[in-house]
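Structure at a glance
Letter by letter, the chains look like this.
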Amino acid sequence: TISKEDEETQLREKRDAERKTFEELKGLFDALDADGSGELSAQELDESFDDPTVQTKFELLDLSKDKVRDLFDLLDITNDGSLSLEEFVEGLTKVKNDVKSWDLLVVS
């Protein structure tokens, strides 16, 4: 059985991992948001692939340029042609946690 102390440790580790993921994705969002508007446009996203550092970050998430562009359209839940930090982080967190979910999103 898992002790209360073990559960608390696991919960703390989970929260730390979530915080780290958020900070990583926020940093990526800030790097992609070329005009500093707080919104990520499709154009900014497309142009970001000229930066090898950005390419590497997406590769670490197992996302190609085509997948990222498709993902942009899926994550734009407000259909306004841009992603807020919240849309970006929530969507990529789900993908990062389960890359297989990407395949399910594309098929559906």
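These figures come from a predicted structure and were not determined experimentally.

Here the focus is helix α3 (residues 52-60). Between the side-chain oxygen of the N-cap and the backbone nitrogen of T53 there are 2.8 Å, and the N-cap of α3 in question is D51. Just downstream of α3 lies D62, where phi reads positive at about 60°.

Here we come to the nonpolar core. Ranked by internal contacts, the top residues of the largest apolar core, which has 21 residues, are L32, L40, L45, F58, L63, F88 and L92. Contributing elements (two or more residues each) for this core: α1 (4-32), α2 (42-48), α3, α4 (65-75) and α5 (85-97). When residues no more than four places from it in sequence are discounted, the contact partners of F88 are L25, L28, F29, L32, L40, L75 and L83.

On to the side chain of E44. Structurally, the position occupied by E44 is in helix α2. Buried charge E44 goes without a salt bridge, the closest partner of opposite sign being R69 at 11 Å. Beyond its immediate stretch of four places on either side in the chain, E44 contacts L32, D33, A34, D35 and E39.

Mapped onto the elements of the fold, K65 is located in helix α4. Here K65 falls in the partly exposed class, since its relative accessible area comes to 43%. Separated by 17 residues in sequence, K65 and S48 have C-alpha atoms that sit 9.8 Å apart. Those residues in contact with K65, other than ones at most four positions away along the chain, are D46 and F49.

Here is what the cut-offs are and how they apply
Starting from 1, residues in each chain are numbered consecutively following that chain's sequence as written. Per-residue local features of the predicted model are confined to residues with pLDDT of at least 70, and side-chain atom pairs are confined, for both listing and counting, to 80 or more; whole-chain, interface and lining totals are unaffected and use all residues. Based on all heavy atoms of the structure, the side-chain values leave hydrogens and waters out of the count. Within 3.5 Å is the distance limit for a polar contact, defined as a pair of N or O atoms, with the added protein rule that one can donate a hydrogen and the other accept it, and that residues adjacent in sequence qualify only through two side-chain atoms. Helix and strand definitions here come from DSSP, where helices need a minimum of 4 consecutive H or I residues and strands a minimum of 2 consecutive E residues; each element is numbered from the N-terminal end. Buried Ala, Val, Leu, Ile, Met, Phe, Trp, Tyr and Cys residues that are joined via side-chain atoms within 4.5 Å together make up what is termed a nonpolar core. Categorising residues by exposure relies on relative accessible area from a 1.4 Å probe, with only protein chains included: less than 20% of the type maximum marks a residue as buried, more than 50% marks it as exposed, and the intermediate range marks it as partly exposed. Should any heavy atoms of two residues lie within 4.5 Å, those residues are considered in contact. Counting rule applied: Lys, Arg positive; Asp, Glu negative; His and chain ends not counted. For this document, the term salt bridge refers to a Lys or Arg side-chain nitrogen within 4 Å of an Asp or Glu carboxyl oxygen.

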